Amino acid sequence: MSEPEPKRKGLFGRLFGGKAQEPEAPAEPAGPQSGAMEHAETQDADTASRDVISPPAAADAEPPEHVPEQITPSLAPAESSQPQPKTTWFQRLKAGLGKTSSKLTDGITGLFTKRKLDASTLEELEDLLIQSDLGIAMASRITDAIGKGRFEKGISPDEVRAILATEVEKVLAPIAKPLTVDGTHRPHVIMMVGVNGTGKTTTIGKLAAKFRTEGKSVMMAAGDTFRAAAIDQLKVWGERTGTPVVASAVGADSSGLAFEALKRAQAANADVLLLDTAGRLQNKQALMEELEKMTRVLKKIDPSAPHDVVLVLDATTGQNALQQVDVFGKRAGVTGLVMTKLDGTARGGILVAIGEKFKLPVHAVGVGEGVDDLQPFAAADFARAIAG
Ligand SMILES: Nc1nc2c(ncn2[C@@H]2O[C@H](COP(=O)(O)OP(=O)(O)OP(=O)(O)O)[C@@H](O)[C@H]2O)c(=O)[nH]1
Ligand SMILES: [Mg+2]
């Protein structure tokens, strides 16, 4: 499997019934405005009447004259409305990675029980590691570590798993870096990017709650201007976390919205601005250009912005995630990663391959749909969960 699985009906789906279920990919617009009109036609009348503002001017020109709506929720404490999870996040991570780890554990047990270590066993192990998405470089590094000084001797499956965990941790530990906002930039602009349905908007909601808990002032910007449901989804997270949301009408230019949101966040002296973007496939040129334009427009106000460009990856995606990191990295200047859905039927091995190849910081992992289901990335736990 190399493409993301179809979206499951999550929290937002449950809240909004059928409306939240969007097609896998938005139609690629010929240009921002024409694409916007296409999407505008599909919005429901209810939403349209709530968000009526004029679309912003072309974002590369002068600052837009429109006045995006800003929803300022009552300053309710950022709290989870989710039922308390019965399992710890590590149990969920372990269950999510169960598919990868049981394949590895079973394979290792089959290969190393009552057998001497020889070239063909190591070759079979290497195949097993590659099939588990760990990548060729990583697979040969692990087999080298296991083979070293042990040829023609026995090695137990447990020892193999321990070496596997150590080698995976070695790659992941240096890149496990929390997303930090240190006050150097006001606001610290965090832009979320990624393909459709990976969990960008949900992760923004979770991050807003985290920063609010730390006592920071946070703003959100509904940069996914294509879909009414996307704007509403962010507003729901705004309500839940007590975070103001800057939003435009459906179909407005996303760069104009980004520009205006940064202006407002500056005026409000916010600590953090979380900028949502529409999901896009990395091979859609016009949509990738739109991301570049958003970045350029932000730089007109603050040349150092965006301060983080976080690529959100869906852990149920296999090899295609490597290409996502490559293309979004080049086009959108990705500075770090979040991997979501590690609580499902994850293919976590791919994160090891990505870590080995790109060495980008991994900030956090998503282990559920709730507001508290974002955890800092812990390399040792992840390695243990994978190695079984
Ligand atoms: N199980 C699980 N579900 C998640 C996680 N993160 C997000 N989801 C769900 O995944 C679905 C898509 O999440 P969104 O946040 O809408 O994804 P998105 O990247 O913003 O999607 P687009 O804007 O359509 O590109 C929703 O049903 C979320 O509840 C996670 O860590 N675990
Ligand atoms: Mg979204």
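What counts, and at which threshold
- Just so you know, the residues in each chain are numbered from 1, in the order the chain's sequence is written.
- Starting at A for chains and at 1 for ligands, labels are handed out in the order in which the entities are written.
- Local features in this predicted model are restricted to residues whose pLDDT is 70 or higher, and side-chain atom pairs enter the listing and the counts only when it is 80 or higher, whereas totals over whole chains, interfaces and linings include all residues.
- Going along the chain from the N terminus, every DSSP run of H or I of four or more residues is numbered as a helix, and every run of E of two or more is numbered as a strand.
- Buried means a residue has 20 or more other C-beta atoms within 10 Å of its own C-beta, exposed means 12 or fewer, and partly exposed covers the counts in between; C-beta atoms are placed from the backbone.
- Two residues qualify as being in contact provided that their C-beta atoms, derived from the backbone, are within 7 Å of each other.
- Note: two strands are recorded as paired if DSSP finds a minimum of 2 bridges between them.
- In plain words, the nonpolar core is the set of buried Ala, Val, Leu, Ile, Met, Phe, Trp, Tyr and Cys residues that C-beta atoms within 7 Å link up.
- Any helix carries an expected span of 1.5 Å times its number of residues minus one.
- An arc is given here, and it is the one of the directions from the helix axis to the C-beta atoms.
- The predictor's confidence in any single residue is recorded as pLDDT, a number from 0 to 100.
- Here an axis means a line fitted to C-alpha atoms, over the contact stretch when the element is a helix, while the angle between two N-to-C directions is reported on a 0 to 180 degree scale.
- In this scheme the crossing of two helices becomes right-handed for a clockwise turn of the near helix relative to the far one and left-handed for an anticlockwise turn of less than a right angle.

Peer 1: Residues and numbers for the overall build of the protein chain, please.
Peer 2: Check the secondary structure of the protein chain and you find 15 helices and 9 strands. Counting the 388 residues in the protein chain, one finds 50% classified as buried. Long-range pairs, those at least 24 residues apart, make up 81% of the contacts in the protein chain with a sequence separation of at least 6.

Peer 1: Provide a residue-level description of the pairing of strand β6 (residues 308-314), including the pertinent values.
Peer 2: Among the 7 residues of β6, 7 are classified as buried, and the element is accordingly described as predominantly covered. Taking every second residue as pointing to the same face, both faces of β6 are buried, with Asp308, Val310, Val312 and Asp314 on one and Val309, Leu311 and Leu313 on the other. Strand direction decides the pairing type here: β6 and strand β7 (residues 336-340), joined by 5 bridges, are parallel. The residue of β7 that forms the bridge with Asp314 is Thr340.

Peer 1: I'd like a rundown of the nonpolar core, residues and numbers included.
Peer 2: Proteins that are soluble and globular tend to have nonpolar side chains buried together. In terms of nonpolar packing, the biggest core is built from 99 residues, with Ala221, Ala258, Ala261, Leu273, Leu274 and Leu275 touching the most fellow members. Contact partners of Leu275, with chain neighbours within four places excluded, come to Val189, Ile190, Met191, Met192, Ala221, Gly223, Ala258, Ala261 and Pro306.

Peer 1: Report on the pairing of strand β2 (residues 188-193), specifying residues and quantitative values.
Peer 2: Judged by how many residues are buried, β2 sits mostly within the fold: 6 of 6 residues are covered. Going residue by residue along β2, you find His188, Ile190 and Met192 tucked away on one face and Val189, Met191 and Val193 tucked away on the opposite face as well. Across 4 bridges, the pairing between β2 and strand β5 (residues 272-275) is parallel. Directly across from Met191, in β5, lies its bridge partner Leu275. Pairing between β2 and β6: 4 bridges, direction parallel. Residue pairing for β6: Val193 is matched across the bridge by Leu311.

Peer 1: Tell me what's going on with unusual backbone geometry, and back it up with residues and numbers.
Peer 2: With an omega dihedral of -5 degrees, the bond running from Arg186 to Pro187 counts as a cis peptide bond. Position of Pro187 relative to the elements: it lies in the loop between α8 (157-172) and β2. With omega at -10 degrees, the peptide bond leading from Ala305 into Pro306 counts as cis. Counting through the fold element by element, Pro306 comes out in the loop between α12 (285-301) and β6. Despite not being glycine, Asn269 shows a phi value in the positive range, around 55 degrees. Within the secondary structure, Asn269 is located in the loop between α11 (254-267) and β5. According to the C-beta neighbour criterion, Asn269 is exposed, with 9 such atoms within 10 Å. Of note in the backbone geometry, Lys341 takes a positive phi value of approximately 65 degrees without being a glycine. In this fold, Lys341 is placed in the loop between β7 and α14 (349-358).

Peer 1: Now, about helix α4 (residues 89-96): what can you tell me, with residues and values included?
Peer 2: Buried within α4 we find Arg92, Leu93, Lys94 and Gly96. For α4, the secondary structure elements touched by its buried residues are α5 (98-112) and α15 (379-387).

Peer 1: Break down the environment of Gly197 for me, with residues and values.
Peer 2: For Gly197, the position within the fold is in the loop between β2 and α9 (200-213). Using a count of 23 C-beta atoms within 10 Å as the deciding quantity, one classes Gly197 as buried. Along the backbone, Gly197 and Leu313 are 116 residues apart, and their C-alpha atoms lie at a distance of 9.3 Å.

Peer 1: Mind laying out helix α7 (residues 136-147), listing which residues take part and the relevant values?
Peer 2: Spanning 12 residues, α7 covers 16 Å between terminal C-alpha atoms, matching the ideal 16 Å at 1.5 Å per step. Taken together, the buried positions of α7 are occupied by Met138, Ala139, Ile142, Thr143 and Ile146. Buried residues of α7 fall within an arc of 130 degrees about the axis and therefore sit on the same side. Among the exposed residues of α7, those pointing more than 90 degrees away from its buried face are Ala137 and Asp144. Where the residues of α7 are buried, they touch α6 (119-131), α8 and α14. Positioned one or two residues after α7, Gly149 has a phi angle of 70 degrees, which is positive.

Peer 1: So, the confidence of the model for the protein chain: which residues are in play, and what are the values?
Peer 2: Summarising the model, the protein chain shows a mean pLDDT of 82, and 78% of its residues fall at 70 or more. Counted against residues more than four places away or in other chains, residues 1-65, with its pLDDT under 50, gives 118 contacts. In the model, residues 74-80 has pLDDT below 50 throughout and makes 11 contacts with residues more than four positions away in sequence or in other chains.

Peer 1: Pulling in residues and values, what's your account of the packing of helix α13 (residues 320-332) against α14?
Peer 2: Running from N to C, α13 and α14 cross one another at 35 degrees; their axes reach a closest spacing of 9 Å. The interaxial crossing formed by α13 with α14 has right-handed handedness. Between α13, through Ala321, Leu322, Val325 and Gly329, and α14, the contact on the second element is made entirely by Ile350, Ala353, Ile354, Lys357 and Phe358.

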